[in-house]
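Here are the chains, one letter per residue:
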Amino acid sequence: MKGYGLTQNDRHPPLGIIMLDAAIHRPPGDVGHSASWPFDVIFKIVPGASARKIVGGDDADLMDAFVKAGDELHAEGAIGLATSCGFLAARQRELSARMKLPLATSSLLQLPIVERCLSAGRRAGVVTYDAKALTERHFVAAGADPGTPRVGLPPDGALRAHIEGDRPYDREWLRRDVFAAVQALLSGHPNIGAIVFECTNLPPFSAEVSREFGLPVYDVITLGRWFYSGLTQTAYSQSFGMG
């Protein structure tokens, strides 16, 4: 049996996060800000892994570099791995098979369980960085319904301008884009019962979106919290007092 040595009693070792090669602003809530996480994290950049290369699926030549980053994080003490781009769902099986540690590539991995938790007739819907690039293969690789409703941020919007166009980070512009995307998703699919943010730069808006639209929101941070909780199991007292 393959084992990872993950039973932890007194230590809380870090989650390793494999980062794209993107020099962008990362506020609290973003996957790449350590304050986003309720446990220790360590980061490793994959040189040459630009957002457009990963989003466009032109990343086969980078897989060895992703594995190398995972191995380095393992050597630095990480007990599990995540990534900084939801589009890497397409590489989940390929990469996890080669890693020394468990790997969760994408917030999209949450879709099957989220949908099963919703009442009859309700669906989960996805807000993504690039709707045209997010294809059926990403959903199938995540074990999700390829017909999952999805809507993208605008190609000429704040996030694309910042990540791919070197424009300064504009939180208010991005907030408007995110809210408009969620509204479009709900208008087109009134049976949406939960939202999943594919993009790892969107969790800074998860709480605001949940309050505004009255829906649960899942993102890379909720994925990481769940993932990590299994890597560092709590040791319970074995006394027989009433709980």
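This text goes with the structure placed above it.
Residues numbered from 1 in each chain as written. Predicted model: local features only at pLDDT ≥ 70, side-chain atom pairs only at ≥ 80, totals over all residues. Heavy atoms only, no water.

Peer 1: Is there a simple way to explain the overall build of the protein in this structure?
Peer 2: In terms of regular secondary structure, the protein is built from 9 helices and 8 strands. A compact globule built from 243 residues would reach a C-alpha radius of gyration of about 18 Å, and the protein, at 18 Å, matches this within 12%. Overall, the C-alpha framework of the protein stretches about 55 × 50 × 30 Å when taken along its three principal axes. A buried classification covers 52% of the 243 residues belonging to the protein. (Helix = DSSP H or I, 4+ residues; strand = E, 2+ residues; numbered from the N terminus. Rg over C-alpha atoms; globule rule 2.2 N^0.38 Å. Buried < 20%, exposed > 50% of the residue type's maximum accessible area, 1.4 Å probe, protein only.)

Peer 1: What's the story with the side chain of Asp-130 in this structure? I'm lost.
Peer 2: Tracing the sequence through the fold places Asp-130 in the loop between strand S5 (123–128) and helix H5 (136–141). Here the side chain of Asp-130 touches Lys-132 through a polar contact of 3.1 Å, landing on its backbone nitrogen. In contact with Asp-130, not counting residues within four places along its chain, are Arg-52, Val-55, Phe-87 and Arg-160. (Polar contact = N/O pair within 3.5 Å; in protein donor to acceptor, adjacent residues only side chain to side chain. Contact = heavy atoms within 4.5 Å.)

Peer 1: For this particular structure, what's the right way to read the layout of surface pockets?
Peer 2: If a probe as big as a water molecule is rolled over the atoms, it shows which places are left empty. Computed from the structure, the largest pocket encloses a volume of approximately 300 Å³. Along the wall of the largest pocket there are 14 residues; nearest its centre are Leu-109, Gln-110, Ile-113, Leu-223 and Trp-226. For the lining of the largest pocket, the elements supplying multiple residues, two or more each, are strand S4 (103–104), helix H4 (111–116) and helix H9 (220–231). Of the residues forming the lining of the largest pocket, the biggest block, 4 residues, is contributed by H9. Residue composition of the lining of the largest pocket, by class: 11 nonpolar, 3 polar and no charged. (1 Å grid on protein atoms, 1.4 Å probe; cavity = no way out; pocket = protein on both sides within 12 Å on 5 of 7 lines; lining within 4 Å. Points joined across faces, edges and corners; volume = space filled by probe spheres on them. Nonpolar A, V, L, I, M, F, W, Y, C, P; charged D, E, K, R; others polar.)

Peer 1: How do you make sense of helix H6 (residues 158–165) when you look at a structure like this?
Peer 2: Each turn of an α-helix holds 3.6 residues, which means side chains three or four residues apart point in the same direction. Counting buried residues along H6, 6 of its 8 residues qualify, which places the element largely inside the surrounding structure. Turning to H6, its buried residues number three or more, namely Ala-158, Leu-159, Arg-160, Ala-161, His-162 and Ile-163. Phi for Asp-166, located one or two positions after H6, is positive at around 60°.

Peer 1: Explain the state of the cysteines to me, please; I cannot follow it from the model alone.
Peer 2: Linking two cysteines covalently through their sulfur atoms gives a disulfide. Under the criterion given, the structure shown has 0 disulfides. This cysteine, Cys-199, is not joined by any disulfide, and Cys-85 carries the nearest cysteine sulfur, 7.3 Å off. (Disulfide = S-S within 2.5 Å.)

Peer 1: So what exactly am I meant to see when it comes to the pairing of S5 here?
Peer 2: Within a regular strand, side chains alternate between the sheet's two faces. Burial within S5 is extensive, with 6 of its 6 residues counted as buried. Of the two faces of S5, the one carrying Arg-123, Gly-125 and Val-127 and the one carrying Ala-124, Val-126 and Thr-128 are both buried. Looking at chain direction, S5 and strand S7 (residues 192–197) are connected through 5 bridges and run parallel. Counted as the bridge partner of Arg-123 is Ile-192 from S7. Taken together, the 3 bridges between S5 and strand S6 (residues 150–152) define a ladder with parallel strand orientation. Each bridged residue has a counterpart across the sheet, and for Val-127 the counterpart in S6 is Val-151. (Pairing = 2+ DSSP bridges.)

Peer 1: So what exactly am I meant to see when it comes to empty space enclosed by the protein here?
Peer 2: Applying the stated rule across the entire model yields 2 cavities of 30 Å³ or more. Computed from the structure, the largest cavity encloses a volume of approximately 140 Å³. For the largest cavity, the lining is made up of 15 residues, of which Leu-20, Ala-51, Ser-84, Ile-163 and Asn-201 are closest to its centre. Within the lining of the largest cavity, the residues separate by chemical class into 10 nonpolar, 3 polar and 2 charged.

Peer 1: Please explain the packing of H6 against helix H7 (residues 171–188) as it appears in this structure.
Peer 2: Geometrically, a packed helix pair is captured by the angle between its two axes and the distance between the axes. In the contact formed by H6 and H7, the axes pass within 8 Å of each other and the chain directions differ by 125°. Looking at the two axes, H6 sits oblique to H7. For the pair H6 and H7, contact is made by Ala-158, Leu-159 and Ala-161 and by Trp-173, Leu-174 and Asp-177, respectively. Residue composition of the contact of H6 with H7, by class: 5 nonpolar, no polar and 1 charged. (Axes fitted to C-alpha atoms, helices over the stretch in contact; angles between N-to-C directions. Parallel < 35°, antiparallel > 145°, perpendicular 65-115°, else oblique.)

Peer 1: So what exactly am I meant to see when it comes to the sheet that holds strand S2 (residues 41–45) here?
Peer 2: Sheet strands pair by backbone hydrogen bonding; their relative direction is either parallel or antiparallel. Read from one edge to the other, the open sheet built from 4 strands follows the order S2-S1-S3-S4, with strand pairing classed as parallel. The open sheet has two free edges, formed respectively by S2 and S4, since each of these has just one partner strand. Sheet topology places strand S1 (residues 15–19) next to S2; 5 bridges connect them, and they run parallel. Bridge assignment links Ile-18 to a residue of S2, and that residue is Lys-44. Each of S1, S2 and strand S3 (81–83) is contacted by helix H2 (residues 63–75), which is oriented at about 155° to S1, the strand it contacts most.

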